[in-house]
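Per-entry structural report
For reference, the chains in residue letters:
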Amino acid sequence: MCYYVNAWASERRYGSETLIFLLSYAMADSTLGFLGLLLIVGFTYIKRLTFWHLLFVVLAGGLLVTGLFLVSQNFRLRATDTALAVFNLSVKHSNASTFAVLSNIYVAVNALIDHPVLGVGIGGYGKTYDFYIQDLGEEDLKGANVGLNKDDANSLFMRVIAELGPAGLFALIGFLVVCARVKGKPYRQVRNALLPYMVVRMSRFGAYFSMELYFFVGLYLL
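Computed from a prediction, not measured in an experiment: that's the story for all the values here.

Concerning the packing of helix α1 (residues 2-11) against helix α11 (residues 185-204)
Taken N-terminus to C-terminus, the directions of α1 and α11 make an angle of 140 degrees; their axes are 8 Å apart at the nearest point. In terms of orientation, α1 and α11 fall into the oblique class. α11 is crossed by α1, and the crossing has right-handed handedness. Here Cys 2, Tyr 3, Asn 6, Ala 7, Ser 10 and Glu 11 of α1 come into contact with α11, specifically with Lys 185, Gln 189, Asn 192, Ala 193 and Pro 196. Across the contact of α1 with α11, the residue classes break down as 5 nonpolar, 4 polar and 2 charged.

Focus on unusual backbone geometry
Of note in the backbone geometry, Tyr 14 takes a positive phi value of approximately 60 degrees without being a glycine. Tracing the sequence through the fold places Tyr 14 in the loop between α1 and α2 (15-28). The partly exposed category is assigned to Tyr 14, whose relative accessible area is 29%. Residue Asn 154 is not a glycine yet carries a positive backbone phi of 70 degrees. Mapped onto the elements, Asn 154 comes out in the loop between α8 (138-141) and α9 (156-163). Take Asn 154: its relative accessible area is 2%, and that puts it in the buried class.

What to know about the packing of aromatic side chains
This model, assessed by the stated rule, comprises 9 aromatic pairs. Seen from their ring centres, Tyr 197 and Phe 216 are 4.7 Å apart, and the 50 degrees between their planes marks the pair as tilted. Linking Tyr 197 in helix α11 with Phe 216 in helix α12 (residues 213-221), this pair joins segments that are 19 residues apart in sequence. Residues Phe 215 and Phe 216 carry aromatic rings whose centres are separated by 5.3 Å and whose planes lie at 65 degrees to one another, so their mutual orientation is edge-to-face. Judged by relative accessible area, which is 54%, Phe 215 ranks as exposed. Classification of Phe 216 by relative accessible area gives partly exposed; the value is 25%. Linked through ring pairs, Tyr 3, Tyr 4, Tyr 14 and Phe 21 together constitute an aromatic cluster. Across from the ring centre of Trp 8, 4.2 Å away, lies the NZ or CZ of Arg 12, which sits over that ring.

Quick notes on the environment of Trp 8
If you trace the backbone, Trp 8 turns up in helix α1. Note on Trp 8: relative accessible area 34%, which makes it partly exposed. Here the alpha-carbon distance between Trp 8 and Leu 169, two residues 161 residues apart in the chain, equals 34 Å. Ignoring any residue separated from it by four or fewer positions in sequence, one finds Trp 8 in contact with Arg 13, Tyr 14, Gly 15, Thr 18 and Tyr 45.

Thoughts on the environment of Leu 118
Turning to its location among the elements, Leu 118 is positioned in the loop between α6 (96-114) and α7 (125-132). Residue Leu 118 is classed as exposed on the basis of its relative accessible area, which comes to 66%. Residues Leu 118 and Gly 36, spaced 82 residues apart in sequence, show a C-alpha to C-alpha distance of 31 Å. The contacts of Leu 118, once residues within four sequence positions are left out, are Glu 163, Leu 164 and Gly 165.

A look at the nonpolar core
Of all hydrophobic cores here, the largest spans 15 residues; its most connected members are Val 91, Phe 99, Val 107, Tyr 125, Tyr 129, Ile 133 and Ala 162. Put simply, the parts of the chain that give this core at least two residues each are α6, α7 and α9. For this core, the element with the most residues is α6, which contributes 5 residues. Among the nonpolar cores identified, the runner-up in size contains 14 residues, and Leu 172, Leu 176, Leu 195 and Tyr 220 belong to it.

The rules behind these values
Residues numbered from 1 in each chain as written. Predicted model: local features only at pLDDT ≥ 70, side-chain atom pairs only at ≥ 80, totals over all residues. Heavy atoms only, no water. Axes fitted to C-alpha atoms, helices over the stretch in contact; angles between N-to-C directions. Helix = DSSP H or I, 4+ residues; strand = E, 2+ residues; numbered from the N terminus. Parallel < 35°, antiparallel > 145°, perpendicular 65-115°, else oblique. Left-handed = near helix turned anticlockwise from the far one by under 90°. Contact = heavy atoms within 4.5 Å. Nonpolar A, V, L, I, M, F, W, Y, C, P; charged D, E, K, R; others polar. Buried < 20%, exposed > 50% of the residue type's maximum accessible area, 1.4 Å probe, protein only. Phe/Tyr/Trp six-rings, centres within 6.5 Å; stacked < 30°, edge-to-face > 60°. Lys NZ or Arg CZ within 6 Å of the ring centre and 35° of its normal. Core = buried A, V, L, I, M, F, W, Y, C linked by side-chain atoms within 4.5 Å.

Right, here's the structure in full:
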């Protein structure tokens, strides 16, 4: 998808393939998919943006998010539950996705506060989750999806900052940034194709290794 969008934007190739992917993402009705689309468009056109373009993008983005909220039941459920949970400081009535995100943010932040230098140690997040999750209270946890994503923190960014501390998070973000600094059209296309995947994967999947990751990390390093 990322490669097709970049090819169409720069060379007007793969228009039909791009349209098929866009329709597939829309029909999937996935909040994560919509986030990926925004990142793809952002990385593709960021070099061409002027102030007025940026203003238009902000307004169009606001209208798009509003439209998604009205049209997509999944997006509306997650957005509403997340807002209510943050406002009420309670995850008692949150859906599973919202509970996984907010509960793991709570655990990761508390782990960082108590272990601000080196973190809790690599592989220690599961035990850390069991320790801190009880702080939410029995009433909030009753009937909730306790333990959801407890081994991978629901996000590699959160897992790294809990297990390896600020230095680990700096190294992870540094890897993304340093490898993104490329010149030349073919390299930018590869970068624009891989970076949205990396950001989305690391935002919502905390495993250090998965089968496809070796291939994509290798391409990104190259």
